[in-house]
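# Notes for the structure review
Below, each chain spelled out in residue letters.
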Amino acid sequence: MNPKQAAMPFLKLLFSNPRGILKALLRHTKEAYRANQFKGHTIKKIDILDVVDRIDEEVSSYTYLDGTSRTMDIAFLKAVCRKYQKCNYLEIGSWRGESILNVASVVDRCTSISLSKEEMIEFGLSSSDAQALNFLSKELPNVTHIEANSQTYDFDQLNNKFDVIFIDGDHSYKGVKSDSINALKLLKDNDSVIIWHDCGFGMQDLRYESIVAIRDACSEEQFEHVYRVSNTMCAMYTKRALTPNNSGFETLPNKLFNVSIKSVKMN
Ligand SMILES: C[S@@+](CC[C@H](N)C(=O)[O-])C[C@H]1O[C@@H](n2cnc3c(N)ncnc32)[C@H](O)[C@@H]1O
């Protein structure tokens, strides 16, 4: 393939949705700049097995396509949610529905707030990305889908408080900060928690932009309760007394997980 041919898909996309692509490019450049700006900030770390005693979860209907949480993140969410008697769960940014579908099997009620198809395209996502909205979760009886921009949505109209809030929408500084400020007001009680996705680029590092956005959304006292969770891409706000530690973040493992994968063909 010569360079001209290689550029074709990008050019086609550019002509089909020029405003969206330019917006996405601009956003990406700003994000790269900010990520560098925030470098060096830090956060307490916690071993996943200090948060939940064990992980023994099945992750189903997983696509192994881009844009979703990792299986471990979903297993962690399930393990956290099943600690509540009748868990009321809110997810900001659900897209295809992999995380919410899995959580729905262990909670009482789920609410999803995710951009509508039209808004996704306006934000520079492709029409096939938009088509995939709620693909896995649309039929679930205990999931309420709200198609909205979480940065402009009036959360008061939910008239609801939540045990577990999962933030996985707009990962820019502005997006994470805004979602975090809203989420902190929507916690049901002192046992309620917030879990943020994309607080690392991998399992052991920090995505500084997210961490700083969370810190800026929290009071000093609230940020004392925020931890980067080992073996996941998540951070968590919890008022439980936990002892921060680096175990689980080292290259030499302190635990192992067994994974079993089974394919299911779709028509
Ligand atoms: C990474 S995907 C979510 C993946 C899903 N939580 C999972 O693990 O399978 C992010 C989603 O957030 C949505 N999103 C981005 N910005 C948003 C905003 N401001 N308000 C609501 N949803 C947003 C995107 O449209 C996309 O559906």
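Presented here is a report on the structure given in the accompanying data block. Fair warning: this is a prediction, and the values are worked out from it, not measured in the lab. (Residues numbered from 1 in each chain as written. Predicted model: local features only at pLDDT ≥ 70, side-chain atom pairs only at ≥ 80, totals over all residues. Heavy atoms only, no water.)

We now examine the sheet that holds strand 4 (residues 143–147). The sheet built from eight strands is open, its strands ordered 1-7-8-6-5-2-3-4 with mixed pairing. One side of each edge strand has no neighbouring strand; the edge strands of this open sheet are strand 1 (44–46) and strand 4. The mean inter-strand angle of the sheet, taken between neighbouring strand axes irrespective of direction, is 20 degrees. Its contacts with the sheet place helix 4 (residues 71–81) against strand 2 (88–92), strand 5 (164–167), strand 6 (193–196), strand 7 (226–229) and strand 8 (235–237), and it is angled at close to 175 degrees to strand 6. (Pairing = 2+ DSSP bridges. Helix = DSSP H or I, 4+ residues; strand = E, 2+ residues; numbered from the N terminus. Axes fitted to C-alpha atoms, helices over the stretch in contact; angles between N-to-C directions. Contact = heavy atoms within 4.5 Å.)

Counting buried positions along helix 9 (residues 208–217) yields seven of 10 residues, so the element is predominantly enclosed. When helix 9 is considered as a whole, its buried residues turn out to be E209, S210, I211, V212, A213, I214 and A217. (Buried < 20%, exposed > 50% of the residue type's maximum accessible area, 1.4 Å probe, protein only.)

Contacts to the ligand come from 19 residues, most closely from T68, S69, N149, S150 and D168. Residue T68 places a side-chain N or O atom 2.7 Å away from an oxygen atom belonging to the ligand. Here an oxygen atom of the ligand sits 2.6 Å away from a polar atom, N or O, in the side chain of S69. Contact with the protein chains covers 92% of the free accessible surface of the ligand, which is 600 Å². Residue classes in the shell around the ligand are distributed as four nonpolar, 11 polar and four charged. (Near = heavy atom within 4 Å. Polar contact = N/O pair within 3.5 Å; in protein donor to acceptor, adjacent residues only side chain to side chain. Areas by Shrake-Rupley, 256 points an atom, 1.4 Å probe, with all protein chains shown as cover. Nonpolar A, V, L, I, M, F, W, Y, C, P; charged D, E, K, R; others polar.)

Further remarks concern the pairing of strand 6. Burial along strand 6 is two-sided: V193 and I195 facing one way and I194 and W196 facing the other are all buried. As judged from the four bridges shared by strand 5 and strand 6, these two strands associate in the parallel manner. Counted as the bridge partner of V164 is V193 from strand 6. Handedness of the crossover joining strand 5 and strand 6 through helix 8 (residues 173–185) is recorded here as right-handed. Inspection of the sheet shows strand 6 paired to strand 8 by three bridges, in the antiparallel sense. (Right-handed = clockwise from strand over helix to strand, strands pointing away.)

Contact geometry for helix 8 and helix 9: axes closest at 8 Å, N-to-C directions at 40 degrees. In terms of axis orientation, helix 8 runs oblique to helix 9. In this structure, the crossing between helix 8 and helix 9 has a hand that is right-handed. Between helix 8, through Y173, V176, K177, S180, I181 and L184, and helix 9, the contact on the second element is made entirely by E209, S210, V212, A213, I214, D216 and A217. (Parallel < 35°, antiparallel > 145°, perpendicular 65-115°, else oblique. Left-handed = near helix turned anticlockwise from the far one by under 90°.)

The next subject is the side chain of K255. Here K255 is to be found in the segment after strand 8. For K255, a relative accessible area of 14% puts it in the buried group. A distance of 2.9 Å separates a polar atom in the side chain of K255 from a polar atom in the side chain of N231. Side chain to side chain, K255 and N254 meet in a polar contact 2.8 Å long. If sequence neighbours within four positions are ignored, K255 has contacts with D47, I48, L49, S230, N231 and G248.

As far as function goes, none of this settles anything; it's purely spatial.
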